[in-house]
Amino acid sequence: LKIARAGTPTRTCSAACRCTTRTEIMRVAIPLAVCVVGDPSSATSTINAVVVKLRNMLKTSESEGDTERQLYAKFKCYCDTNTQQKEGAISAAGRLISETKAETATLRAENSKLSVEKADMENKLDDAQTALKQATNMRAKENKSYLGEKSYIEASISSLENAIQVLSEVGGDQTAAAAADNTGYMAADATSQAKAFLKSTGGSLVSVGVQVKRALAAAAPVLPAAERKLVTSFIAAPGGDYSAASGEIVGILKNMHDTFKENLANTEEAERRSAANFAEFSSLKSTEISTLQEGIANRETAMGDKAGSVQTNMQTVAQTKSDKADDEDFLRDLTQQCADKKVQFDERNKIRGEEAAAISQAIAILNGDEAFDTFAAASEGGVFLQEISEHGAEAQLQALRKSLSVSVRNLARSQGSVRLAKIAVLLSTSATPFDRVLSEIEKVITRIEKEGEQDIEKRDLCVDERAHNNEAIATATASITDLNRQKGLLETDIASLQSVIDDTNEDINSFRSSIKDETDARRNAYREYNREMKTLVTTTKIVDKAIITLKKFYEWLARRDGPHTYGTDAGSPSTCTANKDAGGGNYKRMPDASREELEDACSDDPKCSGFFKFSSSNGGWLKSVVAPQAEWYDADGTLCVKVYTPTTLLQTKEDPAPPATFDHEFEGQKGAGASVIAILEGLKSETNQEAEAETQQEEIDQADFEQFMTDITSDKQRAQEQVADAESMQANKKQQLADVTEDLANTRSAKGDAEKYLADIKPDCDFMMDNIAGRAAARADEIAGLETAVSKIKGSPAFKNARTREDHEAEGECVLKCFKICDEAAVTASQCFQSALGKPLSERQPDGYAPCEACRRKITVAGYCTGEGAGSPGCP
C-alpha cells in the first residue's frame, strides 16, 4: 500500500483519481494506489471539518431527542390524564347504573308492596264497612228486643202490683183468719149480731172476690209453674173462700214483684252498656274506615309517583349505558394508541442511541492518537511511506477487527447485551491489543457462566423458598382458622358464663327490691318510649308531607312537557294492547270519551300513567299506576301505557353552542329543590331508623324485663350453686383463652413473616422463573458468539503474525538464536521476522535452548553450558 504526498501545497486530487477516506482504506485487504494529497494541511483540515460536522450531527441528534422527549411527555400526559378521566367516568357510570337499577328494583318492590298494602287496605275497608253495617243491624235488633222485654216486664210488674194492691186493700193477709171465723159463725148457731154483720158485708166481699180473681189471673202467667198452679187453684176455690192460701199467695206475688223489678233494672243496665259499646265500636270503625280510605288514596298517589320515578330511572340507565360504551370505546382506542406510541418512542430512542454511539466512536477514531500521528506525519515532508508487507497484514488485521466488531455488535443488539457491546467497541478500536480483547472476552465468558450458575441457584432457591413458605403459610392459615374458632367459642362461653354470674348475683342480692325497681324503671322507660315515638311519628309525617309536596311538584314539572308515546312498555312501538287491562290505578272515569280524547287527557295530566279504553262503547279510565305487564289480565278493552321518550344529554362539538337565554323550559329551583328533598329524605331515613332503633330497644327492654321477672322467681334456690359452678368454669375458660390468644398471635406473626418474605422475593423470583430459559439461551448465544470471535482471532494469520512479531520483538537480537527458522537460515533479524510471518509458534526453539538462553544472558554458549545450563538442548 503506497501513500505519497506532494511537495507543493496547492495541488488537489486529480479528476482521474478519487480521494479515499481512512474507513474505506481500512476495508481494503490488497495493495491499492491512493491519490496524492496536495496541501500539506488539507488532511488535517478535512478531518477537523469532518469531526466538527460529526459533533454538530451529535448535537442535532441530541436536540431532536430532547424535542421528541418533550413531545412524548405531552402525549404521555394526555394518555395518563384521559385514561384516568375515562376510567373514573366508566367506574362512576357502572356505579350509577348499578345504583339506579337497584333503586328501580326498590321502587318496583315498593310499588308492589304498596299495591299489596292497598289491596289489603281495600279488603280491610270492606271488612270494616261490613262489620259496622252488621253491628248497626245487630244493635237495632238488640234495641227492639230490649223494648219488647221492657214492655213485658213493666206489664208484669203492673199486674203484680195490681194483684198485691187488691189483696192488700181487702186485707188479704188477714182473710184466712176472718174467713175461718165467719165460716164458724155460719156453721154454728151464730148469734143474731154475727148474722146481721155478714149480711151487711156480703155484697162487698163478693165484689172483692171478683177483683182478686182478675188480678191473680193477670199475674199468673209470669209465675213459675208450681206457684202458678197454686195461684190458679186459689182463684178456682168455690165460694170465694181464700182463707187457706191467701197469705202464701201474697208472699209469692211480692217475691215475683221484687224479681221483676230487679230484672227490669238489669235489662236497662244491659241496654245502656250495649248502646255505649256500640257507640264506641261505631266510632272506632268509622275512624278505621276513614284511616283506610286515606291510606288507600295515599298509596295510589305514591304508586303513581314511584311509577314516574321508574320511568326516569330507565331513561337514566339507558343514557348512562350509552355514555359508558362510548367511554370504553375511546379508552380502548386510547390505550392502543398510547401503547403504539410508546413502542415507537422507545424504538426511536434506541436507534438514536446507537446513532450517537456510532458518531461518538467515529469522533474518537478521528481524534485518536493514531489518527493524530498519521495526519501530523502527512504534513511534515515530501517523502513516500515505506512500502512493507506488514502494512498489508495491518489492513487484514483491521478488516478482521471490523468484521468481528460488526458481528459482536449485531449479537449485542439482538441480545440487548451491554457487555457484548463493550467487547465490540474494544474490537473496533485499533489501539486495543488482541491480548486485552481476548482477556476481556475470557472475563466476560467467565461472568456469563457465573451468571448462569447464579440464575440456577436463584431459581432453585425461589422454588425451595416458595414451596417451604407456602406450606408454612397454609399450615399457619389452617392453624389460625382453628385457633380463631377456638377463641370464638371460648369468648362466647366466657361471655355466657359472665352473663349467668352477673344475672344470678343480681338475683341473689336484689331479689325483693329489684322487682319494684325494675317495674318502676320499665314503666318510666315505656312512658319515655311512647313520648319519643309520638315525636318521631309526628316528625316523619311532617317530613313525608314536605317530601311528597316537593317531589310531586318537581316530578310533575319534569314530566309536564316530556315527549311520550303510548305503547306496552318502555322502548315498545307506539301501539296499545287489545283485550288487556291492569288491575288498580283507576282514578278518573271518562264515560263518553274517544281514544283520542282519552289520550289527550292523559297527555295533559302528568299524574296519568296510561288509560283503558272500553271496547263496547266510548269511554274509559285514566290510570295513575299501571301494573307490570306480567300482571295484566284479559279484559274487554284496550290498555295503553304512557311511555316517555328518552332525551339525550350528549354535547356535540360540530358547532359552538349559542349563548344561554331564557328561551328554555322553566326549570325553577330544581337544583335547590333536589337538595332540599335529599336533606328531607335523609332526615326521614334517620328518623325512621331512630324509631326502628327505639322500637327494637323497647322490645329488647320489655323482653329482658319479662325474662327477669320470670327467672327471679324460678331460679333463686339454684342461684348460688350456679354462680359457683359458672365461676369455676369461667376461670378455666379464661386460662384456655389466654393460651389460645398467645398461640394465635405467634401463628399470625409467623404467617406474616412468611408472607412478607414471599412478597419481598416475588419480583426477583417471578422474573427469574419467567425468564430463566430465555436468559440461558441468550447466554449461550453470547458465549457462542464470543468463542467464535476468539476462534477467529486466534486462527487468523494476522493474529499469528502479530503474535510472532511480538515474540520476535521481545527477543530482540536474540531472535536469531531463539527461533529455528532464523537459526537455520542464518539471516538477519529483519529477514528472520519476515520469514516467520504466518508460521506457527511451534517454530520456536525448545525451552532452555542453550544459544537462546546464552544470548539472553549475554554470555557465551560454553559459559552457559558449563554453568547453570549444563545439559540443556543446544549445548555442545
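Conventions adopted
Residues numbered from 1 in each chain as written. Predicted model: local features only at pLDDT ≥ 70, side-chain atom pairs only at ≥ 80, totals over all residues. Heavy atoms only, no water. Disulfide = S-S within 2.5 Å. Helix = DSSP H or I, 4+ residues; strand = E, 2+ residues; numbered from the N terminus. Buried < 20%, exposed > 50% of the residue type's maximum accessible area, 1.4 Å probe, protein only. pLDDT = per-residue confidence, 0-100. Contact = heavy atoms within 4.5 Å. Core = buried A, V, L, I, M, F, W, Y, C linked by side-chain atoms within 4.5 Å. Salt bridge = Lys/Arg side-chain N within 4 Å of Asp/Glu carboxyl O. Phe/Tyr/Trp six-rings, centres within 6.5 Å; stacked < 30°, edge-to-face > 60°. Lys NZ or Arg CZ within 6 Å of the ring centre and 35° of its normal.

A. Structural context of the state of the cysteines. Summed over all chains, the structure comprises seven disulfides. Covalently, Cys79 is tied to Cys338 through a disulfide, its sulfur atoms 1.9 Å apart. Its S-S torsion of approximately -100 degrees makes the covalent link between Cys79 and Cys338 left-handed. One end of the pair, Cys79, is in helix H2 (residues 42–169); the other, Cys338, is in helix H6 (residues 246–366), and 259 residues separate them in sequence. With relative accessibility at 4%, the residue Cys79 sits in the buried group. A relative accessible area of 13% places Cys338 in the buried class.

B. Examining unusual backbone geometry more closely. If you check the backbone angles, Asn579 has positive phi at about 60 degrees while not being a glycine. You can see Asn579 is positioned in strand E2 (residues 577–581).

C. Structural context of the confidence of the model for the protein. Summarising the model, the protein shows a mean pLDDT of 75, and 71% of its residues fall at 70 or more. Ignoring residues within four places in sequence, the model shows residues 377–390, a span with pLDDT below 50, making 17 contacts including any to other chains. Overall, residues 647–668 carries pLDDT values under 50, and its contacts beyond four positions in sequence, including any with other chains, amount to eleven contacts.

D. Structural context of the side chain of Thr100. Tracing the chain through its elements places Thr100 in helix H2. Those residues in contact with Thr100 that lie beyond four places of it in its chain are Asn313, Thr316 and Val317.

E. Seen up close, helix H19 (residues 850–857). What H19 keeps buried is the set Ala850, Pro851, Cys852, Glu853 and Ala854. Where H19 ends, the next residue or the one after it, Lys858, has phi of about 60 degrees, a positive value.

F. Representation of the nonpolar core in the model. Grouped together as the largest cluster of nonpolar side chains are 23 residues, with contacts concentrated most on Ile423, Leu427, Ile441, Leu786 and Ile793. Counting residues per element, the ones that place at least two in this core are helix H8 (389–415), helix H9 (418–428), helix H10 (434–509) and helix H14 (716–795). Ranked by size, the runner-up nonpolar core spans 13 residues in total, among them Leu167, Val250, Ile252 and Leu264.

G. Quick peek at the pattern of salt bridges. The full count for this structure, using the stated rule, is 39 salt bridges. Arg69 serves as the salt-bridge partner of Asp66, at 2.2 Å between the closest nitrogen and oxygen. Note that Asp66 and Arg69 are positioned in helix H2 at a spacing of three residues, about one turn of the helix. The salt bridge involving Glu755 is made with Lys751; its shortest N-O contact spans 3.7 Å. Taken together, the positions of Glu755 and Lys751, both in helix H14 and four residues apart, correspond to about one turn of that helix. Residue classification places Glu755 among the partly exposed positions, given a relative accessible area of 37%. Counted as one network, the salt bridges with shared partners bring together Glu451, Asp455, Arg775 and Arg779.

H. Structural view of the packing of aromatic side chains. By the definition in use, this model includes five aromatic pairs. A ring pair is formed by Phe612 and Phe614, whose centres lie 5.9 Å apart and whose planes are at 75 degrees; its orientation type is edge-to-face. Of the two residues examined, Phe612 and Phe614, each falls in the buried class. Across from the ring centre of Phe330, 5.0 Å away, lies the NZ or CZ of Lys86, which sits over that ring. Taking the ring centre of Phe75 as reference, the NZ or CZ of Lys341 above it sits at 5.6 Å.

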